[in-house]
Amino acid sequence: MHDPGAAGRFGDYGGRYVPEALMPACAEVEEAFREAWADAGFRRDLDRLLTVYAGRPTPLTPAWNLSAELGVDILLKREDLAHTGSHKINNVLGQALLARRMGRTRVIAETGAGQHGVATATAAALLGLRATVFMGQKDMARQALNVHRMRLLGAEVVEVTSGSRTLKDATSEAMRHWVTCADEAYYCLGSVMGPHPYPWMVREFQRVIGEEARAQCATELPAAIPDYVVACVGGGSNAAGTFAGFAGTAAQLVGVEAAGGAAIAGGKVAVMHGHRSYAIQDEHGQILEAESVAAGLDYPGIGPEHAHLHDLGRARYVTVTDAEVIDAVRRLARSEGILPALESAHAIAWVLRAARDGELPRGATVLITLSGRGDKDTTTLMEIP
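Residues numbered from 1 in each chain as written. Predicted model: local features only at pLDDT ≥ 70, side-chain atom pairs only at ≥ 80, totals over all residues. Heavy atoms only, no water.

Draft legend 1. The overall build of the protein, seen in detail. On a plain count of helices and strands, the protein comes out with 15 helices and 14 strands. Computed over the C-alpha atoms, the radius of gyration of the protein is 19 Å, within 12% of the 21 Å expected from 2.2 N^0.38 for a compact globule of 385 residues. Each of the three principal axes of the protein carries a C-alpha extent, and together these read 55 × 45 × 40 Å. The buried share of the protein, reckoned over its 385 residues, is 64%. Intrachain contacts of the protein at a sequence separation of at least 6 include 74% that bridge at least 24 residues. Within the protein, the 45 negative side-chain charges are centred at a point lying 2 Å from the centre of the 37 positive side-chain charges. (Helix = DSSP H or I, 4+ residues; strand = E, 2+ residues; numbered from the N terminus. Rg over C-alpha atoms; globule rule 2.2 N^0.38 Å. Buried < 20%, exposed > 50% of the residue type's maximum accessible area, 1.4 Å probe, protein only. Contact = heavy atoms within 4.5 Å. Lys, Arg positive; Asp, Glu negative; His and termini not counted. Charge placed at Lys NZ, Arg CZ, Asp CG, Glu CD.)

Draft legend 2. Up close: the packing of helix α4 (residues 88-101) against helix α5 (residues 115-127). Contact pair α4 / α5: the axes reach a minimum separation of 9 Å and the direction vectors enclose 40°. In terms of their interaxial angle, α4 and α5 are classed as oblique. For α4 against α5, the interelement crossing comes out right-handed. Here α4 contributes Lys 88, Ile 89, Asn 91, Val 92, Leu 93, Ala 96, Leu 97 and Arg 100 to the contact with α5, which in turn contributes Gln 115, His 116, Ala 119, Thr 120, Thr 122, Ala 123, Leu 126 and Leu 127. (Axes fitted to C-alpha atoms, helices over the stretch in contact; angles between N-to-C directions. Parallel < 35°, antiparallel > 145°, perpendicular 65-115°, else oblique. Left-handed = near helix turned anticlockwise from the far one by under 90°.)

Draft legend 3. Representation of helix α14 (residues 342-356). Between its terminal C-alpha atoms α14 stretches 21 Å, which fits the 21 Å expected from 15 residues at 1.5 Å a residue. Of all 15 residues making up α14, 13 are buried, and the element is well covered by its neighbours. (Expected span 1.5 Å × (residues − 1).)

Draft legend 4. Examining the sheet that holds strand β8 (residues 185-187) more closely. With respect to topology, 4 strands assemble into an open sheet ordered β7-β6-β5-β8, the strand pairing being parallel. Two strands in the sheet have a free side with no partner beyond their single neighbour: β7 (156-160) and β8. Shown here is a sheet whose adjacent strand axes are inclined to one another by a mean of 25°, direction ignored. For strand β5 (residues 106-111) and strand β6 (residues 130-136), the ladder comprises 6 bridges, and the chain directions are parallel. In the strand pairing of β6, Ile 108 is matched with Thr 132. (Pairing = 2+ DSSP bridges.)

Draft legend 5. Up close: helix α2 (residues 40-52). In this model α2 runs 18 Å from its N-terminal to its C-terminal C-alpha over 13 residues, within 8% of the 18 Å that 1.5 Å per residue would give. The complete set of buried residues in α2 reads Gly 41, Phe 42, Leu 46, Leu 49 and Leu 50. Those residues of α2 hidden inside the fold are in contact with α1 (23-37), α4, α5 and α9 (198-220). Taking the backbone nitrogen of Gly 41 as reference, a side-chain oxygen 2.8 Å away marks Asp 39 as the first, capping residue of α2. (Polar contact = N/O pair within 3.5 Å; in protein donor to acceptor, adjacent residues only side chain to side chain.)

Draft legend 6. Molecular detail of the packing of aromatic side chains. Using the criterion set out here, one finds 8 aromatic pairs in the structure. Aromatic pair Tyr 13 and Tyr 278: ring centres 5.6 Å apart, planes at 35°, arrangement tilted. Remark: Tyr 278 occurs in strand β12 (residues 275-279) and Tyr 13 occurs in strand β2 (residues 13-14); sequence separation between them is 265 residues. Measuring from centroid to centroid gives 6.0 Å for Tyr 187 and Tyr 198, while their planes differ by 50°, and the two rings are tilted. With a gap of 11 residues between them, Tyr 187 in strand β8 and Tyr 198 in helix α9 connect regions that are remote in the sequence. As far as the burial class goes, Tyr 187 and Tyr 198 line up, both buried. These aromatic residues form a ring-pair network of at least three members: Phe 33, Trp 37, Trp 200 and Phe 205. The lysine or arginine in question, Arg 43, covers the ring of Trp 37, its NZ or CZ lying 3.7 Å from the ring centre. (Phe/Tyr/Trp six-rings, centres within 6.5 Å; stacked < 30°, edge-to-face > 60°. Lys NZ or Arg CZ within 6 Å of the ring centre and 35° of its normal.)

Right, here's the structure in full:
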């Protein structure tokens with residue numbers, strides 16, 4: 001999990017598939033990021049914001065009760081305790097600083113569950129930038145709390161009514177809008193997807209999760225490294241950031257997709273939103289709509305580096321159903337007093353099933369990235385018997 005080079009390729013995946021009008025903008029972002037990432041002053045500014053503003057490092061919490069029940073040792077990397085309630089703030093603070101460094105006055109973002117939108121609105125308010133967030137009509141209804149939070153923070157939220165009215169269409173609209181205003185606006189993409197340099201850049205901004213967790217595991221675990229490292233995957237930024245800290249170890253990496261949007265488990269290679277990776281398609285190669293109870297995983301594709309890790313066999317990608325996810329939310333809430341986001345609950349759901357079925361050996365150590373908190377999902381959960 002290193003620099004993909006000027007071509008932005010992770011094996012056969014990645015690249016830069018955008019309209020000609022956006023090629024200079026992407027190249028400018030890449031040049032600015034390379035300069036900033038090599039600048040000790042930029043890194044110090046970001047590290048300070050992550051510490052005094054975002055609340056890093058986030059703790060590693062043992063799930064004592066659930067561990068005893070399942071016969072495996074579970075550690076939760078608590079990104080739900082970061083400012084704004086998810087891992088999204090790590091990436092957005094980095095990109096907002098980059099936007100300001102590039103002289104941009106406005107940031108554009110897409111959002112599904114609303115957490116990236118909230119983080120973007122938050123960073124924009126802090127750094128004196130205007131924010132425009134594109135969000136699908138369906139997601140706006142089920143994530144009304146986050147829509148209100150974005151507007152309270154001063155962001156313009158643009159309702160997207162095309163297609164499935166979810167994250168895929170919000171991303172498409174955000175990229176179309178960027179074409180019209182790339183000279184004054186910066187596109188703050190929320191996951192490890194899109195045209196180069198975004199999959200690499202977002203992973204680098206999220207790498208802090210894995211690096212912190214690895215250092216914490218070295219203190220907490222006799223073997224220093226967990227046997228399994230598990231994270232939910234939509235586009236895949238929290239998983240990529242977590243995996244980056246453990247890719248060079250013996251830990252088994254497991255990404256958990258929504259069964260209704262399983263790009264690796266049920267998809268084929270396609271070009272979508274500026275990069276080449278796996279996506280769910282029909283027999284004619286048309287991208288299908290994803291279905292998931294979690295708005296943040298209601299996406300038909302996956303980041304290109306995850307596709308590469310899958311092909312290498314370095315990470316495995318599994319699926320869980322909505323019913324398993326809802327059960328996982330309730331199990332963690334009632335056993336540990338922690339209410340996870342529906343997205344994060346995908347990782348918990350797989351661990352519950354794998355422990356029950358003997359796929360996880362008794363006594364195994366399992367690190368789960370708890371990527372977000374679940375208060376945003378209470379309306380959805382209230383409607384489920």
